[in-house]
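Remarks on the overall topology
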Amino acid sequence: MTQHGSALNFRDFVEELLAAGDAVDVRTPVSPTLEAAAVTRRVYETKSPAPLFSNLTGSEPGFRILGAPAGLSRVQGGTYGRLAAHFGLPRDTTPRDLLEKLITAMHADPVAPRVVETGPCKENILTGDDVDLERFPVPLLHEQDGGRYFGTYGFHVVRTPDERWTSWSVSRTMLRDRTTLVGPCMPQQHLGMIHRMWREKGERTPWAMVFGAPPAALAAAGMPLPAEVNEDGYVGALTGSPVEVVRTETNGLYVPANAEIVLEGYISPDETAPEGPMGEYHGYQFAESKLQPVFHVEAVTYRDDPILPICVAGLPPEENHTVWGTMISATSLDQLRSSGLPVEMAWCSYEAATCWIVVSVDTRRLAGTGMSERQLCDAVADVLFGSHTGWLVPKVILVADDIDITDIDQVVWAMATRYHPGTGAYLYPDTPGIPMVPYLTADETRTGRGGKSVMSCLQPEQLEGGARGTVAGFRHSYPEDMRKRVLENWTAYGFSAPGPR
Ligand SMILES: Cc1cc2nc3c(=O)[nH]c(=O)nc-3n(C[C@H](O)[C@H](O)[C@H](O)COP(=O)(O)O)c2cc1C
Ligand SMILES: [Mn+2]
């Protein structure tokens, strides 16, 4: 027996997508070398159903890959359907409802995982000389990449030496040879923090990496929850059920029992190897590789006919935008609200490749505070840029709450018509930020500071609770009975349903 549902069972998640017409079982032979990734890329860019590659050339029969697990969808009413399925929510869930659900769980008591004796992830066990990562269809994702990537949609499991804090986090890993991977382990991320604790003791970091994990767990592992918070307990609170975990074969860590593939081993305290380049979340590919820690695999366990999920990073929308961006939106909104600022909503526009977050301000409440634009921008920068979440996103765009910030068309309109060059830009050159942002200077990349700003698209009148002019549009320029009449007669006029938004 194992737990079920799309949030807590990856196999159920895949079945649900297939049933909804939002995944396609690709039976024709496909090569894991560029072809699977090229198909997945086109899927993102055309919002097509997720490809389940079930006939991969040069791989063990039955081994599969799922591309674009949280890509956007053209299936009617289900743009965010694949993302919503990660949380067991209906396919027509709105970004707003999703953020509220994520925030509510942040304030609920954690629900610790439940240890079970065994589970589907133990159907096949490889140890010793049998460990061979090459048995899996490890994809080459972009022609210019420095290697093949095993880990683009899986999470690391590490625990502090005193066992008080277990971290689940998403970070990429490149195949190095039959038994090792190499990947980034940034000191600001929890993987890097815990790795450092073991290194300071001169010890190897016990480590596991999980693929085809419960989708809600993957999303939580891609969420900047604060340090010392166990992602496993958050997933329990979010889904209402403890995550079932099993003990690894070799190193005493615990992993989701129904995961598709589990790698177990350790992170070397000192050994590094070149990693990358890889096409990245901001949409660019750079030429350089970097020295990164080496992950040693001592055991592999997997389900029968395992499915390796992949993210082919690059131009939006892929999972660095739909998952990472959404989770950042939730933690940012929670922090801004908790600080008492008059903030209504926060959203990392997927189109902006997780390089900006838009924040909408309740102008009535703002007027009540008497804050100036500078005071508001400084306060927002203070709350966000100093936090684990705000380290990740360099630009904040402030707009009034008449804008639906999940609609990029409205955001563009507000920026074009309300942002005042010169006076609307507030710069924070000394704040720390993720050095991967593509426009940073060499100096900023080296120091890890700068390139951050708050752009205010608030009209002077909006700071006082008013507005400059009214909006000329369907919703604003006609009396209610006229709008009703137009909507009711829409098809009678000769148009096809549905009418305008
Ligand atoms: C698909 C995907 C890929 C990601 N790749 C990386 C990565 O390679 N390196 C990294 O530091 N963060 C990556 N992230 C973001 C981290 O998972 C995220 O910042 C998370 O908060 C890290 O966990 P932590 O807060 O426990 O440190 C990725 C997120 C997603 C959803
Ligand atoms: Mn964490």
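Residues numbered from 1 in each chain as written. Chains lettered and ligands numbered in written order. Predicted model: local features only at pLDDT ≥ 70, side-chain atom pairs only at ≥ 80, totals over all residues. Heavy atoms only, no water.

Some thoughts on the site of ligand 1
Contacts to ligand 1 come from 19 residues, most closely from V170, R172, H190, W324 and H388. At a separation of 3.5 Å, an oxygen atom of ligand 1 approaches a polar backbone atom of A221. M223 is positioned such that a nitrogen or oxygen atom in its backbone is 3.2 Å from an oxygen atom of ligand 1. Protein burial of ligand 1: of its 630 Å² of free accessible surface, 93% is covered by the chains. In terms of residue count, helix α8 (residues 319-338) provides more of the shell around ligand 1 than any other element does, 4 residues in total. Tallied by class, the residues present in the shell around ligand 1 amount to 8 nonpolar, 8 polar and 3 charged. (Near = heavy atom within 4 Å. Polar contact = N/O pair within 3.5 Å; in protein donor to acceptor, adjacent residues only side chain to side chain. Areas by Shrake-Rupley, 256 points an atom, 1.4 Å probe, with all protein chains shown as cover. Helix = DSSP H or I, 4+ residues; strand = E, 2+ residues; numbered from the N terminus. Nonpolar A, V, L, I, M, F, W, Y, C, P; charged D, E, K, R; others polar.)

What about the domain arrangement of the protein chain?
Looking at the assigned domains, one finds that the protein chain contains domain 1 (96-310) and domain 2 (339-463). The C-alpha-based centres of domain 1 and domain 2 are spaced at 31 Å. Here domain 1 packs against domain 2, burying approximately 1400 Å² in sum over the two surfaces, 67% of which is carbon and sulfur. Of all residues in domain 1, R96, P224 and Y281 bury the most surface against domain 2, accounting for 45% of the area lost on that side. Taken together, the connections running from domain 1 to domain 2 amount to 3 residue pairs in polar contact (both at pLDDT 80 or more). Each residue belonging to the side of domain 1 that touches domain 2 can be placed in one class, and the counts come to 7 nonpolar, 4 polar and 2 charged. (Domains from an automatic or database assignment. Buried area = accessible area lost by both parts, 1.4 Å probe.)

Observations concerning unusual backbone geometry
Excluding glycine, residues mostly have negative phi values, and the peptide bonds linking residues are mostly trans. Residue G276 is joined to P277 through a cis peptide bond whose omega torsion reads 0°. Among the structural elements, P277 can be located in the loop between β14 (261-275) and β15 (290-302). Cis geometry marks the peptide bond from P316 to P317; its omega dihedral reads 0°. Among the structural elements, P317 can be located in the loop between β16 (307-310) and α8. Positive phi is not limited to glycine here, since L34 has a value of about 70°. In this fold, L34 is placed in the loop between β1 (23-26) and α2 (35-46). Residue E228 is not a glycine yet carries a positive backbone phi of 75°.

Remarks on the nonpolar core
Nonpolar side chains tend toward joint burial in soluble globular proteins. Membership of the largest hydrophobic core comes to 142 residues, with the highest contact counts inside it found for L102, F150, L263, V300 and L398. At 7 residues, α8 tops the list of elements feeding residues into this core. Viewed by domain, this core spans two of them, domain 1 (96-310) and domain 2 (339-463), each represented by three or more residues. Excluding residues that lie within four positions of it along the chain, L263 makes contacts with L133, F150, L181, W207, A208, M209, F211, V297, A299 and V300. Core analysis: the next-biggest nonpolar cluster, separate from the first, contains 10 residues, F10, F13, L17 and I307 among them. (Core = buried A, V, L, I, M, F, W, Y, C linked by side-chain atoms within 4.5 Å. Buried < 20%, exposed > 50% of the residue type's maximum accessible area, 1.4 Å probe, protein only. Contact = heavy atoms within 4.5 Å.)

What to know about the sheet that holds strand β3 (residues 64-67)
The sheet built from 4 strands is open, its strands ordered β1-β2-β3-β16 with mixed pairing. Two strands lie at the open edges of the sheet, namely β1 and β16, each paired on one side alone. Put simply, the sheet's adjacent strands are angled 20° from each other on average, direction ignored. Here 4 bridges tie β1 to strand β2 (residues 50-53), and the two strands are oriented parallel to one another. Pairing of V26 across the sheet is with F53, part of β2. Packed onto the sheet, α2 meets β2, β3 and β16 and runs at close to 160° relative to β2. (Pairing = 2+ DSSP bridges. Axes fitted to C-alpha atoms, helices over the stretch in contact; angles between N-to-C directions.)

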